[in-house]
Amino acid sequence: MSMHGKILVVDPIATNRIVLRVKLAASHYDMVQAGSIGDAMRVLGATVPDMILCADTLPDGGPLRLMARLRKAGLQGKVPVIVLGTDCDIKTRLKLLGAGIEDVLEKPIDDSFLLARVRSVIRAFASATEWKLRDGTSRALGFAEPNAQFAGAQTVRIVAQDQACLASWHPTLAETVRASLSRCTPAAAVERNDEANVPDGFILLVEPEARGDMLGLLATIRSNADTRHSAILVVQVEPDCKLGAQMLDMGANDVMAFHRDSSEVALRLETLLSRKRMSDALRDTVRTGIEAALIDPLTGLHNRRYAMPHLARIAERAVPSGKPFAVMVADMDHFKRINDTFGHAAGDAVLVETAQRLRENMRAVDMVARIGGEEFLIVMPGAGLADAKNAAQRLCRIVRDTPFDVPGQAATAVNATISIGMTVCDPAPTGAKGLPSPPETLLDRADKALYAAKADGRNRVTLSRPAA
């Protein structure tokens, strides 16, 4: 059975290490052990775990010294650390959290909460690592440039059934946290969201009588497309380990007990918002890279890299459904003459306008892609021979009948035409057991029909034999 992750336990007491090993190994974690910071660093020299569970007292220093050693080894921020303490006052807890430690759990520790916290932290770090890898790939391929580091102020909604419960620390929190705070009840927490008004974070103040409402709200936040990436800090008025574990597994980023002092809330929230800002930037960079990889920069249409797999998916889906689809290759006629006569800027303008006319005159479900210099691929799912032929002839007329305006040629209208080669694949005769036609075969058939259209005088539609 595959392991869920590797965890290093650092504790000078062998019994404690054994107990943790048994608990976590039963949940399919690979366990390694160390009795001191020195031992831990030797382990880290050979293998990098997904998490470190560290006792609050060690023979050669404490958790802060461990963090210093991790920082020196270049591992801080790459391996999360949770401290398991016996008696931790608020001042010590803040110092540990401020040093970059994920959480401080006081003994005796509820097994379900410990496991949920471990899952939550490992999941968060694995997700961040994945986005960093994708970002690195995008940059290595030259698809994206780093985003500017300037961003608008983050927003946080503090959600509580009893607003009076916030009176003790909300004003102080507002002065401490570098984010705009607002307060609301659970019923109003996800209302009035739009693209410019999506909270970066939520603080869910869980009162005993509002547990059900908060569980429902948490599920709503995580399932909503607008808020699913928002940071969520759960603050329990009355600590409940089972409920806390459930909320962590449902997607809460952090769970803590309510204190009159808002310092810990501020520290934990700042950490979550900082990570949210970084993950947003990474997602934007990767998204930009994907768009650059799949979108033609001149026309805004999909490119060949996107079009061929898309055509393959349509062919695969057509077999079980028994519905036909059409594949067209459209090519500008005598395009070199436009470039030679009016210049390449004019040629680009004609290509852009042609792409727009093709896109605007096809259905939303149809795909229009630029697959070559002046060559376009059009795929029409569910279209039979008659519908596809009518669509292709309409496209020829739309390009031919309206001259093109080009830059620097105010008094001159540029006329252009296109030729279209087309094939229609109808899987109905083969039934659901038939095999889909490879996209290269479909493209080749449409290409051959295009050559025939060019040879037959251009500005026309030519069909290849229907493909089964």
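Residues numbered from 1 in each chain as written. Predicted model: local features only at pLDDT ≥ 70, side-chain atom pairs only at ≥ 80, totals over all residues. Heavy atoms only, no water.

Novice: Hey, could you go over the overall build of the chain for me, with residue numbers and the actual values?
Specialist: Secondary structure assignment for the chain yields 14 helices and 15 strands. By the burial criterion, 47% of the 468 residues in the chain qualify as buried. Counting only contacts in the chain whose residues sit at least 6 apart along the sequence, the fraction spanning at least 24 positions is 71%. Per element, the accessible surface of the chain, about 22,400 Å² overall, is 53% carbon and sulfur. (Helix = DSSP H or I, 4+ residues; strand = E, 2+ residues; numbered from the N terminus. Buried < 20%, exposed > 50% of the residue type's maximum accessible area, 1.4 Å probe, protein only. Contact = heavy atoms within 4.5 Å. Areas by Shrake-Rupley, 256 points an atom, 1.4 Å probe, with all protein chains shown as cover.)

Novice: Could you give an account of helix H4 (residues 90–98), naming the residues involved and the relevant values?
Specialist: Among all positions in H4, only Arg93, Leu96 and Leu97 are buried. With its buried residues spanning 95 degrees around the axis, H4 presents them on a single face. For H4, exposure combined with an orientation more than 90 degrees from the buried face picks out Lys91, Lys95 and Gly98. (Arc of directions from axis to C-beta.)

Novice: Tell me about the sheet that holds strand S8 (residues 201–206), residues and numbers included.
Specialist: One open sheet holds the five strands; their spatial order is S7-S6-S8-S9-S10, and the pairing between them is parallel. A strand with exactly one partner marks an edge of an open sheet, and here the two such strands are strand S7 (179–184) and strand S10 (254–257). If you compare each strand with its neighbour and ignore which way they point, the axes differ by 20 degrees on average. Where strand S6 (residues 154–159) meets S8, four bridges bridge the pair, whose relative direction is parallel. (Pairing = 2+ DSSP bridges. Axes fitted to C-alpha atoms, helices over the stretch in contact; angles between N-to-C directions.)

Novice: Can you break down the pattern of salt bridges residue by residue, with the values?
Specialist: Considering all chains together, one arrives at 25 salt bridges under this definition. For Arg117, the salt bridge goes to Asp254, with nearest N and O atoms at 2.9 Å. Of this pair, Arg117 sits in helix H5 (residues 111–140) while Asp254 is found in strand S10, placing the two residues 137 residues apart along the sequence. Exposure class is identical for Arg117 and Asp254. Each is buried. Put simply, Arg357 and Glu353 hold a salt bridge, and the shortest N to O gap is 3.1 Å. Note that Arg357 and Glu353 are positioned in helix H12 (residues 344–360) at a spacing of four residues, about one turn of the helix. Classification of Arg357 by relative accessible area gives buried; the value is 8%. (Salt bridge = Lys/Arg side-chain N within 4 Å of Asp/Glu carboxyl O.)

Novice: Let's hear about the pairing of strand S4 (residues 81–85): which residues, and what values?
Specialist: By the criterion of burial, S4 is predominantly enclosed, with five of the five residues buried. Along S4, one buried face is formed by Val81, Val83 and Gly85 and the opposite face, lined by Ile82 and Leu84, is buried too. Looking at chain direction, strand S3 (residues 51–55) and S4 are connected through four bridges and run parallel. Bridging from a neighbouring strand, Ile52 pairs with Val81 of S4. For the crossover that starts at S3, traverses helix H3 (residues 63–72) and ends in the parallel S4, the hand is right-handed. Across four bridges, S4 lies against strand S5 (residues 103–106) in parallel orientation. Across the sheet, residue Leu84 finds its bridge partner in S5, namely Leu105. With H4 bridging S4 and the parallel S5, this β-α-β connection has right-handed handedness. (Right-handed = clockwise from strand over helix to strand, strands pointing away.)

Novice: Talk me through the sheet that holds strand S14 (residues 418–425); I want residue IDs and the actual numbers.
Specialist: Pairing in this open sheet of five strands is mixed, and the strands run S12-S13-S11-S14-S15 from one edge to the other. Only two strands of the sheet have a single neighbouring strand rather than two, namely strand S12 (367–370) and strand S15 (461–463). The average angle at which neighbouring strand axes cross in this sheet is 20 degrees, direction not considered. Relative to strand S13 (residues 375–381), S12 runs antiparallel, the two sharing four bridges. Bridging from a neighbouring strand, Arg370 pairs with Phe376 of S13.

Novice: Now, about the nonpolar core: what can you tell me, with residues and values included?
Specialist: Within the largest apolar cluster, 40 residues are counted, with the highest numbers of intra-cluster contacts made by Ile7, Val118, Leu204 and Met247. A total of eight residues in this core trace back to one element, the largest contributor, which is H5. Those residues in contact with Leu204 that sit more than four places away from it in its chain are Val159, Met214, Leu217, Leu218, Ile221, Ile232, Leu233, Val234, Val235 and Met247. Within the second largest apolar cluster, 34 residues are counted, among which are Ile338, Val399, Ile418 and Met422. (Core = buried A, V, L, I, M, F, W, Y, C linked by side-chain atoms within 4.5 Å.)

Novice: So what about the environment of Glu353? Which residues, and what values?
Specialist: Taking relative accessible area as the criterion, Glu353 reaches 28% and is therefore assigned partly exposed. A sequence separation of 46 residues divides Glu353 from Val399, and the C-alpha atoms of the two residues are 9.2 Å apart.

Novice: Could you give an account of the confidence of the model for the chain, naming the residues involved and the relevant values?
Specialist: Of all residues in the chain, 88% have pLDDT values of 70 or greater, and the mean over the chain is 86. Across the chain, the element-wise mean pLDDT spans from 72 in H5 up to 96 in strand S11 (residues 325–332). Low confidence marks residues 140–150, where pLDDT is under 50. Its contacts with residues over four positions away, or in another chain, come to 17 contacts. (pLDDT = per-residue confidence, 0-100.)

Novice: Pulling in residues and values, what's your account of the packing of aromatic side chains?
Specialist: In this structure the tally under the stated criterion is zero aromatic pairs. Positioned above the aromatic ring of Phe404, the side-chain terminus of Arg357 is 3.9 Å from the ring centre. (Phe/Tyr/Trp six-rings, centres within 6.5 Å; stacked < 30°, edge-to-face > 60°. Lys NZ or Arg CZ within 6 Å of the ring centre and 35° of its normal.)

Novice: Go over the pairing of S12 with me, naming the residues and quoting the values.
Specialist: Burial along S12 is two-sided: the residues Met367 and Ala369 and Val368 and Arg370 are all buried. Turn length for the S12-S13 hairpin, with the two strands adjacent in sequence and antiparallel, is four residues.

Novice: Can you lay out helix H7 (residues 211–223) for me, pointing to particular residues and giving the numbers?
Specialist: In this model, H7 (13 residues) spans 18 Å end to end at C-alpha, consistent with the 18 Å of a helix rising 1.5 Å per residue. Among the residues of H7, those classed as buried are Met214, Leu215, Leu217, Leu218 and Ile221. For H7, the angular spread of buried residues about the axis comes to 165 degrees, placing them on one side. Of the exposed residues in H7, those oriented more than 90 degrees away from the buried face are Gly212 and Ser223. Contacts made by the buried residues of H7 are with S6, S8, strand S9 (231–236) and helix H8 (241–249). (Expected span 1.5 Å × (residues − 1).)

Novice: Lay out the packing of helix H11 (residues 335–342) against H12 with the relevant residues and their values.
Specialist: Interhelical geometry of H11 versus H12 gives an angle of 140 degrees and a closest axis separation of 6 Å. Comparing the axis directions of H11 and H12 gives the class oblique. Between H11 and H12, the residues in contact are Phe335, Ile338, Asn339 and Phe342 and His344, Ala346, Gly347, Val350 and Leu351, respectively. (Parallel < 35°, antiparallel > 145°, perpendicular 65-115°, else oblique.)

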